[in-house]
Amino acid sequence: MNCGEATEFVSALCDGERIPTVAAEHIGRCESCGERLRAYVAMGAELRRIASMETGAAAPQRTWKRGQHRLVLWWQKGWEGMRIPRIAFAVLIAGIIVLASTLAVVKVRARDAGTVVLLTVAAGNERSECPLSTVDKGGDSCGFVGKVEQNTLGYGIELLKRDGDKVQLGIRSVVLPATASLWSNDLTSEPQRQFWFQPGDTLKVDLPGLSPLIIKGNWLDHKPAFAGTHDMDPGPDELRFISPLLLRGKEVIGDMGGASSIVDKRNLAAWIYYPKQGSYFISLVPTKGGIKARVQLNRILFEEGGNPYVFITGAPITRSRYVWVLHQQGFDPDNLSGGDEHEFTTVTEITETPSGEWVPAPTAK
Amino acid sequence: MDDAGMWKRISDQDAEAFEAFYREYASRVRAFLRHSVAGERAAEDVMQNTFTEIWHRPPGFDTQRGTLRAYLFGIARKQAAEWWRRQRPEEELALDDAASRTTETSSLVVDAFNRLGREHRTLLWLREVEGQSYKELATILDIPVGTVRSRLFAAREALRAIWHETPAMKGDR
């Protein structure tokens, strides 16, 4: 054996791997190979020395909470008023939501006046917030649809009346198998149960086959501008769409003031639908057919068909400098909503293809 | 506790167990990432993403395929690759260069190390510093063990060549 044949075995020998006897014999007697071995050993020792200094500082402490990524929010203007056409919107959203494993939908408008009860509702590991106005009939209800304890849970909470410091809540709930789709009439056909609740207390609402809803609350003097996060700095893997407005050149082609969706995992995308414009999926990972778009604080800039587009939102969007925007013109919500088109934003799963690109989950197409 | 026991607790969302896992490995993963992405802040972010990913998606580890430590560094490597993919291509070279300048060390070997390609850096760090076995490296990099051997050799030779081409380093030896 010569040096050329033995060199790769020098590396293996350095790692304590078994090498052929003939190679070991050559390395043992060859000055050049011995020098190479000593160099490898010296390089490794030096790297370990440096690493021991670099790993000295402890990593920052973190708190790990069960299901902290699954914060599910759905604030909605006017659950009570969900008749046609609003019911069509609810049907659409509910149908989509329950088919996604994790989702976050926020629908709220900031209100300047009114006394508001901010409920925190825990269902299994899921936790959502729900602001209910005592004076504004357009903001006195909220709803939730999501996966809880291997089931699909939907509930709607309506503020019925106020008596001093207490409020009367009307609650409808439905529990279905995890694989089932939940439509809004599944919920609205359920009987409404009524409870008196005093903010500061805890209310338990039994659910069939699930842990009870645990409802807590407190009074606020206003309805918060948006839910879930109050930190201006987006977290890792977070993608926030707070009141997204879409411009093509100087023309506003979509305005969703008050509606928001928040993504907190890389396998999720914000899904925004504007009537006549189609669907936009915005993700932190490259989507198949998606356009790489630049992020500037609360703006996303991209070009399509030679036209400049800008999403403008109400808060910093993400830590990433780039996101991917996938535009699908052809999506027809009529098939889901029963004919009434409304803009919406929600969160949908995306899946990775063998080629490393991501595509929206089938339910989102 | 063995990997299977630890993983079961993590899969059960045992925060105490995961905190212990984080305490044991976080600074090591961060040190690894310092040489895999550009800058201290990026290394910190990617490290945090790595643990978040594991905490949120526990079904990902298969005890039959390797060790928990290899799985952890495999996720860290993928997160680092994802981080690079999100950078502007024309900036990559500059950022890569910046990575080499942002290390806090002045070691000649480490300076040479930071001039290696990212894949070589990854491989050498995991082998020399983390002591990952060839089998673990094969899992982390998703390549055959035989390829691990040849790539390690190539990485060492590349490092040695850079080391040798620097006059100061020759004198240093």
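Calculation criteria
- Residues numbered from 1 in each chain as written.
- Chains lettered and ligands numbered in written order.
- Predicted model: local features only at pLDDT ≥ 70, side-chain atom pairs only at ≥ 80, totals over all residues.
- Heavy atoms only, no water.
- Helix = DSSP H or I, 4+ residues; strand = E, 2+ residues; numbered from the N terminus.
- Buried < 20%, exposed > 50% of the residue type's maximum accessible area, 1.4 Å probe, protein only.
- Contact = heavy atoms within 4.5 Å.
- Areas by Shrake-Rupley, 256 points an atom, 1.4 Å probe, with all protein chains shown as cover.
- pLDDT = per-residue confidence, 0-100.
- Pairing = 2+ DSSP bridges.
- Axes fitted to C-alpha atoms, helices over the stretch in contact; angles between N-to-C directions.
- Buried area = accessible area lost by both parts, 1.4 Å probe.
- Salt bridge = Lys/Arg side-chain N within 4 Å of Asp/Glu carboxyl O.
- Polar contact = N/O pair within 3.5 Å; in protein donor to acceptor, adjacent residues only side chain to side chain.
- Nonpolar A, V, L, I, M, F, W, Y, C, P; charged D, E, K, R; others polar.
- Expected span 1.5 Å × (residues − 1).
- Phe/Tyr/Trp six-rings, centres within 6.5 Å; stacked < 30°, edge-to-face > 60°.
- Lys NZ or Arg CZ within 6 Å of the ring centre and 35° of its normal.
- Core = buried A, V, L, I, M, F, W, Y, C linked by side-chain atoms within 4.5 Å.

Quick question: what am I supposed to make of the overall build of chain A here?
A count of helical and extended segments in chain A gives six helices and 21 strands. Taking all 365 residues of chain A together, the buried fraction comes to 52%. When contacts within chain A are restricted to residue pairs at least 6 apart in sequence, those whose partners lie at least 24 apart make up 63%. In the form shown here, chain A has an accessible surface area of approximately 15700 Å², with 49% of it arising from carbon and sulfur atoms.

What is the right way to look at the overall build of chain B in this model?
The helix and strand tally for chain B stands at 10 helices and zero strands. When its helices and strands are written in sequence order, chain B yields α-α-α-α-α-α-α-α-α-α. In chain B, of all internal contacts separated by at least 6 residues, the share reaching a separation of at least 24 is 64%. Here chain B has roughly 7400 Å² of accessible surface; of this, 49% comes from carbon and sulfur atoms.

What exactly am I supposed to notice about the confidence of the model for chain A here?
Residue and element names in this part refer to chain A. On average, residues of chain A score 75 in pLDDT, and 72% of them reach the 70 mark or higher. Between the elements of chain A, mean pLDDT differs from a low of 36, seen in strand β1 (residues 106–107), to a high of 95, seen in strand β17 (residues 299–304). The low-confidence segment residues 334–340, where pLDDT is below 50, has 13 contacts with residues more than four positions distant or belonging to other chains.

How should I be thinking about the sheet that holds strand β3 (residues 126–133) of chain A in this particular structure?
Residue and element names in this part refer to chain A. The four strands are arranged β3-β2-β9-β8 in an open sheet whose pairing can be described as antiparallel. Both edges of this open sheet fall to β3 and β8 (202–207), since each of them pairs with a single strand only. On average, each strand axis in the sheet is inclined to that of its neighbour by 25°, with strand direction left out of account. With eight bridges connecting them, strand β2 (residues 116–123) and β3 associate as antiparallel partners. If you follow Val117 over to β3, its bridge partner there is Leu132.

Quick question: what am I supposed to make of the confidence of the model for chain B here?
Detailed conclusions should not be drawn from predicted coordinates in areas where pLDDT is low. Residue and element names in this part refer to chain B. When pLDDT is averaged along chain B, the result is 79; 80% of the residues meet or exceed 70. With pLDDT under 50 throughout, residues 93–106 is counted as low confidence; its partners more than four residues away or in other chains account for 19 contacts. Scored below 50 in pLDDT, residues 168–173 makes 12 contacts in the model with residues more than four places away or belonging to other chains. Here the predicted complex carries an ipTM of 0.79, next to a pTM of 0.45.

Looking at this structure, I do not really get the interface of chain A and chain B. What am I missing?
Where interface size is quoted, it is often the accessible area lost as the parts come together. Contacts between the two partners involve 50 residues from chain A, matched on the other side by 53 residues from chain B. Buried area between chain A and chain B, both sides added, is near 4700 Å², and the carbon and sulfur share of it is 53%. For the pair chain A and chain B, the number of links is six salt bridges. Where Glu82(B) meets Arg266(A), a salt bridge forms, and the shortest distance between an N and an O atom there is 3.2 Å. There are nine residue pairs in polar contact (both at pLDDT 80 or more) connecting chain A and chain B. For the side of chain A that touches chain B, the elements supplying multiple residues, two or more each, are α1 (3–14), α3 (31–54), β16 (291–296) and β19 (322–328) of chain A. Within the side of chain A that touches chain B, the residues separate by chemical class into 21 nonpolar, 10 polar and 19 charged.

Looking at this structure, I do not really get helix α9 (residues 145–165) of chain B. What am I missing?
Structurally, the α-helix is built with 3.6 residues per turn, so residues lying three or four positions apart point the same way. The end-to-end C-alpha distance of α9(B), which contains 21 residues, comes to 30 Å, matching closely the 30 Å that a straight helix rising 1.5 Å per residue would cover. Among the residues of α9(B), Val148(B), Leu152(B), Phe153(B), Ala155(B), Arg156(B), Glu157(B), Leu159(B), Arg160(B), Ile162(B) and Trp163(B) are the ones counted as buried.

Just to check I follow, could you spell out the packing of aromatic side chains for this structure?
Working definition: an aromatic ring pair is given by the centre-to-centre distance plus the angle between the planes. The tally for this structure, following the rule as stated, stands at 16 aromatic pairs over all chains. Seen in terms of ring centroids, Phe18(B) and Phe51(B) are 6.2 Å apart; in terms of plane orientation they differ by 75°. Their pairing is edge-to-face. Residue Phe18(B) is located in helix α2 (residues 15–34), and its partner Phe51(B) is located in helix α3 (residues 40–56); the two are separated by 33 residues in the primary sequence. Of the residues examined, Phe18(B) reaches a relative accessible area of 0% and is grouped as buried. For the pair Phe32(B) and Phe73(B), a centre-to-centre distance of 5.6 Å together with 70° between the ring planes defines the contact as edge-to-face. With Phe32(B) in helix α2 and Phe73(B) in helix α4 (residues 68–86), this residue pair connects regions lying 41 residues apart in the sequence. The pair formed by Phe32(B) and Phe73(B) is uniform in burial state, with each residue classed as buried. Cation over ring: Arg156(B) sits above Tyr40(A), and NZ or CZ is 5.7 Å from the ring centre.

What am I meant to see in the sheet that holds strand β21 (residues 358–360) of chain A here?
Strand pairing in a sheet takes place through backbone hydrogen bonds and is either antiparallel or parallel in direction. Residue and element names in this part refer to chain A. A sheet is described by the order of its strands in space; here 10 strands give the open sequence β12-β11-β18-β17-β16-β19-β15-β14-β20-β21, paired in antiparallel fashion. Of all strands in the sheet, those with a lone pairing partner are β12 (251–255) and β21, marking the two edges. The mean angle between the axes of side-by-side strands here comes to 30°, regardless of whether they run parallel or antiparallel. Both strand β14 (residues 268–274) and strand β15 (residues 278–283) contribute to a ladder of five bridges, which runs antiparallel. Counterpart to Ala270 in the pairing with β15 is Ile282.

Where do I start with unusual backbone geometry in this structure?
Excluding glycine, a negative phi dihedral is what most residues carry, and trans is how most peptide bonds are arranged. Look at Leu297(A): it is not a glycine, yet its phi comes out positive at around 55°. By secondary structure assignment, the location of Leu297(A) is in the loop between β16 and β17. The exposed category is assigned to Leu297(A), whose relative accessible area is 63%. Phi angles above zero are rare outside glycine, and Asp142(B) is one such case at about 60°. With respect to the secondary-structure elements, Asp142(B) resides in the loop between α8 (134–141) and α9. Note on Asp142(B): relative accessible area 60%, which makes it exposed.

Would you take a moment to explain the nonpolar core for this structure?
Burial of nonpolar side chains together is a common tendency in soluble globular proteins. If you look at the biggest cluster of nonpolar residues, it comprises 71 residues, and the most contacted ones within it are Phe21(B), Val29(B), Leu33(B), Val37(B), Met47(B) and Phe51(B). Ignoring sequence-local partners within four residues, the contact set of Val29(B) consists of Met47(B), Phe51(B), Leu72(B), Phe73(B) and Ala76(B).

Honestly, the side chain of Ser173(A) in this entry has me stumped. Any pointers?
Within the secondary structure layout, Ser173(A) lies in strand β6 (residues 166–177). Within the structure, Ser173(A) has its side chain in polar contact with the side chain of Arg193(A) (distance 3.1 Å).

Explanation requested: helix α7 (residues 118–129) of chain B in the structure shown.
All names here are of chain B. Counted at 1.5 Å a residue, the expected span for α7 with its 12 residues is 16 Å, and the 16 Å between its end C-alpha atoms agrees. Burial analysis of α7 places nine of its 12 residues in the buried class, the great majority of the element. What α7 keeps buried is the set Arg121, Thr122, Leu123, Leu124, Trp125, Leu126, Arg127, Glu128 and Val129. At the C-terminal side of α7, Gly131 shows a positive phi close to 65°.

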